Amino acid sequence: MSGPDDTSSRGKSGPDGAAGSRPSDTELSARLEQLNSSLGQVRAKTEVPAPKGQDTSSKSGVALAFRLGAEFVSGVLVGSLIGYGIDRFFSITPWGLIVFTLVGFAAGVVNMLRVSGEGRKIGSGKS
């Protein structure tokens, strides 16, 4: 009987082009461990700790900008719709629309501050 490497190494070349010069599993494991330790050292040197109080999530700036815009617009729209409904129900046109559009504007600004993280500073009294 022949070993497992006898038939599999015929006609194949190793990484350096020599026929039948495959590294053993122990050599490959040693190379992998060496690479992992080297990568760990490089990563430890290049990682910068995030400043305290900063949002470390992986949101991109564009996604945050769209979310802030949506928060503001939705606040104004909801306030305007409520004001329009109150105007129609109580026949007090245009006062309900004016008042609730301003309330929606304020709610939109508060939501934007909350999403951006500035709202936590305002609510806790920290600057």
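In every chain, residue numbers begin from 1 and rise along the written sequence. Local features are withheld for residues below a pLDDT of 70 in this predicted model, meaning they are given only at 70 or higher, and side-chain atom pairs are given and counted only at 80 or more; totals for whole chains, interfaces and linings count all residues. Just so you know, side-chain values use all the structure's heavy atoms and leave hydrogens and water out.

Engineer: Explain the overall build of the protein to me, please; I cannot follow it from the model alone.
Structural biologist: Here a helix means four or more residues in a row that DSSP labels H or I, a strand means two or more in a row labelled E, and each is numbered from the N terminus. Helix and strand content of the protein: five helices and zero strands. Going from the N terminus to the C terminus, the protein shows its helices and strands as α-α-α-α-α. Classification of residues uses two cut-offs on accessible area relative to the type maximum, computed with a 1.4 Å probe and protein chains only: under 20% is buried, over 50% is exposed, and between them is partly exposed. A burial count over the protein gives 11% of its 127 residues as buried. Residue pairs at least 24 apart in sequence account for 40% of intrachain contacts in the protein once pairs closer than 6 positions are excluded. Approximately 10400 Å² of the protein is accessible, and the part contributed by carbon and sulfur atoms is 62%. In this description, contact between two residues means that some pair of their heavy atoms is separated by no more than 4.5 Å. Residue-level accessible areas treat just the shown protein chains as cover; the underlying method is Shrake-Rupley with a 1.4 Å probe.

Engineer: What is the right way to look at the confidence of the model for the protein in this model?
Structural biologist: Low-confidence regions, as indicated by low pLDDT, have predicted coordinates that should not be scrutinised in detail. For every residue, the predictor states its confidence as a pLDDT score lying anywhere from 0 to 100. Summing up the model confidence of the protein, the mean pLDDT is 80 and the portion of residues at 70 or higher is 69%. Considering each helix and strand of the protein separately, the mean pLDDT is smallest for helix α1 (residues 4–8), with a value of 50, and largest for helix α4 (residues 95–116), with 94. Here residues 6–12 is modelled with pLDDT under 50, and outside its nearest four sequence neighbours on either side it reaches five contacts, counting other chains as well.

Engineer: When you look at the pattern of salt bridges in this model, what are you seeing that I'm missing?
Structural biologist: Note on pairing: side chains with opposite charge can pair once their charged atoms come close. Note on definitions: salt bridges are taken to be side-chain nitrogens of Lys or Arg within 4 Å of carboxyl oxygens of Asp or Glu. A complete count under the given rule lists two salt bridges for this structure. Between Arg67 and Glu71 there is a salt bridge, with the nearest N and O atoms lying 3.6 Å from each other. Separated by four residues within a single helix, Arg67 and Glu71 lie in helix α3 (residues 61–90), roughly one turn from each other. You can call Arg67 partly exposed: its relative accessible area is 37%. Between Glu71 and Arg114 there is a salt bridge, with the nearest N and O atoms lying 3.9 Å from each other. In this pair, Glu71 sits in helix α3 while Arg114 sits in helix α4, placing the two residues 43 residues apart along the sequence. We classify Arg114 as partly exposed; its relative accessible area is 46%. When salt bridges with common partners are traced through the structure, they connect Arg67, Glu71 and Arg114 into a single cluster.

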